[in-house]
There are 2 protein chains.
Amino acid sequence: MTQNIYDNPEFFQVYSQMRRSVQGLEGAAEWPALRALLPELQGKRILDLGCGFGWFARWAREQGSGPVQAIDISEKMLGRAKEMTADAQIVYERADLEEVELPAAAFDLVFSSLALHYIENLQRLLALVHAALIPGGWFVFSVEHPVYTAPRRQGWVEYEGQQSWVLNSYLAEGMRCTDWLAKGVIKQHRTLATMFNLLLRCGFAVTHVEEWGPGEEQIAATPEMGRERERPMLLLVAARRASIPSALQP
Amino acid sequence: MTQNIYDNPEFFQVYSQMRRSVQGLEGAAEWPALRALLPELQGKRILDLGCGFGWFARWAREQGSGPVQAIDISEKMLGRAKEMTADAQIVYERADLEEVELPAAAFDLVFSSLALHYIENLQRLLALVHAALIPGGWFVFSVEHPVYTAPRRQGWVEYEGQQSWVLNSYLAEGMRCTDWLAKGVIKQHRTLATMFNLLLRCGFAVTHVEEWGPGEEQIAATPEMGRERERPMLLLVAARRASIPSALQP
């Protein structure tokens, strides 16, 4: 079972004040890059895994999408999401992505923003997502980048005059406990190779990979973002349901 | 034009004494992992880009491969390779991979070990490799991992009791000048995303990715290799020629 840190009152209070919580998609620096990986949404049936406050679901509907099923583990986030939503075509559902069940071949697009690094059994979820998509359907997601999740203790050092990220434990996959907004937030570190090979084995064709960092304009507006170019913090991936998962073949 | 550091007498002398130069493939710690990505070689026509002393070419022939064309920029290395080779089915050719021309649909397998990080125009070379393969043909290569090539100055620090790799400049692609065996060795840093997207755009289907680090047995035998698990030094990739490169489509 996932930790559900978002229902921790201390965490929720601080998270609720973040730019991305107050301003929605436009408050997330990586949103333009993630949006660029999305297909045309007109009429598409969408599943949003880890929907948080529902910003993506409402935006997708504004783009003319079909119905959106939006899943999150956090009661507090879903409560706030429902308050902000007046659209019968958006259905919110509370579920743990470790245990969720999904209908088969029911969606044209599965979207997930910064949720998969909480998932321990990623292969189970990817196989479900594959089965939940129609053939050729899209899977677009962001996740914390492995060089960001790897270290036992995250931090920066200055090395020969250059701000540098302290990278260790990269090949030691598994749980990481960080103090981010609250103490003891549990995430799962996986290498990029593992994520990629799991996608392949589950029957996805990866069509684009992006290791996101802020652009020049973003750094000009928020200079402290500059060091985000020293190491990628986020991984953005676009993939399509290709065929029968090789892992499931006889 | 590539630097051709291997013909620098100082570099060549030190490189010639490395385990992988003296013992061949078995002296390269990553060889078991790279070998595991290769298809069955029986009868396959092979191209080896950056063949060095020709260890792979001779090994492939021992596995029953068809003819091997082996290319390198270094006169010294090719000279040594020819001395060690008594097989008319291995043809050595001196060429700069930045400028090489390759025959179309002439190979079943293109192999390259630790050469592509010297190449500035990788897209040109990947498009050539794609065209040189038969449809469904294999491209298996190793390259220095982007977290290894990224830093302006490579180095380790101790951080909270943990040996840590100093990562910076990851998103700043381009030339890196390192002192490795000799002063001023020039390599090209590219992000993992760029390598991956170039492969896709050139019409490859990536079938396996490995971020290589030594295994337990290797560390037991050579304890100083232990810290190689803190960050991946090498990237190993298996891909297949999928279709017409999208970049070349009208």
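Please refer to the structure higher up on the page.
Just so we're clear, the structure is a prediction, and the values are computed from it rather than from any experiment.

### Observations regarding the interface of chain B and chain A
Link 1 in the chain: Taken together, the contact between chain B and chain A spans 38 residues of the former and 38 residues of the latter.
Link 2 in the chain: In this assembly, chain B and chain A are joined by two salt bridges.
Link 3 in the chain: The salt bridge involving arginine 153 of chain A is made with glutamate 160 of chain B; its shortest N-O contact spans 3.0 Å.
Link 4 in the chain: On inspection of chain B and its partner chain A, the count reaches 23 residue pairs in polar contact (both at pLDDT 80 or more).
Link 5 in the chain: The leading source of residues in the side of chain B that touches chain A is strand E10 (residues 204-212) of chain B, at seven residues.
Link 6 in the chain: Residues of the side of chain B that touches chain A, tallied by class, amount to 17 nonpolar, twelve polar and nine charged.
Link 7 in the chain: As defined by bridge partners, strand E7 (residues 162-167) of chain A adjoins strand E7 (residues 162-167) of chain B across three bridges and the pair is classed as antiparallel.

### Comments concerning the nonpolar core
Link 1 in the chain: One finds Phe139, Leu167 and Phe204 of chain A together with Phe139, Leu167 and Phe204 of chain B to be the most contacted residues of the largest nonpolar core, which totals 86 residues.
Link 2 in the chain: What phenylalanine 204 of chain A contacts, discounting residues up to four positions off in sequence, is Leu126, Val129, His130, Leu133, Phe139, Leu199, Ala239, Arg240, Arg241 and Ala242 of chain A.

### Structural notes on the side chain of glutamate 211 of chain B
Link 1 in the chain: If you trace the backbone, glutamate 211 of chain B turns up in strand E10.
Link 2 in the chain: In this structure glutamate 211 of chain B is buried but unpaired, with arginine 229 of chain B as the nearest side chain of opposite charge at 10 Å.
Link 3 in the chain: A distance of 3.2 Å separates the side chain of glutamate 211 of chain B from the backbone nitrogen of leucine 192 of chain A, its partner in a polar contact.
Link 4 in the chain: Separated by 2.9 Å, the side chain of glutamate 211 of chain B and the backbone nitrogen of alanine 193 of chain A make a polar contact.
Link 5 in the chain: Excluding anything up to four places from it in sequence, glutamate 211 of chain B contacts Tyr170, Leu171, Thr191, Leu192 and Ala193 of chain A together with His145, Leu192, Pro232, Leu234 and Leu235 of chain B.

### A short note on the pairing of strand E5 (residues 133-144) of chain A
Residues and elements named next belong to chain A.
Link 1 in the chain: A large share of E5 lies buried, amounting to nine of its twelve residues.
Link 2 in the chain: Pairing between strand E4 (residues 107-113) and E5: six bridges, direction parallel. Bridging across to E5, valine 110 finds its partner in phenylalanine 139.
Link 3 in the chain: Handedness of the crossover joining E4 and E5 through helix H6 (residues 122-132): right-handed.

### Examining the packing of helix H6 (residues 122-132) of chain B against helix H8 (residues 192-201) of chain B
Residue and element names in this part refer to chain B.
Link 1 in the chain: As a packed pair, H6 and H8 sit with axes 9 Å apart at the nearest point and diverge in direction by 40°. Between H6 and H8, the angle falls in the class oblique. Crossing angle aside, the handedness with which H6 passes H8 is right-handed. Residues Leu122, Gln123 and Leu126 of H6 form the contact with H8, whose participating residues are Met195, Leu198, Leu199 and Arg201.
Link 2 in the chain: Across the contact of H6 with H8, the residue classes break down as five nonpolar, one polar and one charged.

Rules behind the numbers
Residues numbered from 1 in each chain as written. Chains lettered and ligands numbered in written order. Predicted model: local features only at pLDDT ≥ 70, side-chain atom pairs only at ≥ 80, totals over all residues. Heavy atoms only, no water. Contact = heavy atoms within 4.5 Å. Salt bridge = Lys/Arg side-chain N within 4 Å of Asp/Glu carboxyl O. Polar contact = N/O pair within 3.5 Å; in protein donor to acceptor, adjacent residues only side chain to side chain. Helix = DSSP H or I, 4+ residues; strand = E, 2+ residues; numbered from the N terminus. Nonpolar A, V, L, I, M, F, W, Y, C, P; charged D, E, K, R; others polar. Pairing = 2+ DSSP bridges. Core = buried A, V, L, I, M, F, W, Y, C linked by side-chain atoms within 4.5 Å. Buried < 20%, exposed > 50% of the residue type's maximum accessible area, 1.4 Å probe, protein only. Lys, Arg positive; Asp, Glu negative; His and termini not counted. Right-handed = clockwise from strand over helix to strand, strands pointing away. Axes fitted to C-alpha atoms, helices over the stretch in contact; angles between N-to-C directions. Parallel < 35°, antiparallel > 145°, perpendicular 65-115°, else oblique. Left-handed = near helix turned anticlockwise from the far one by under 90°.

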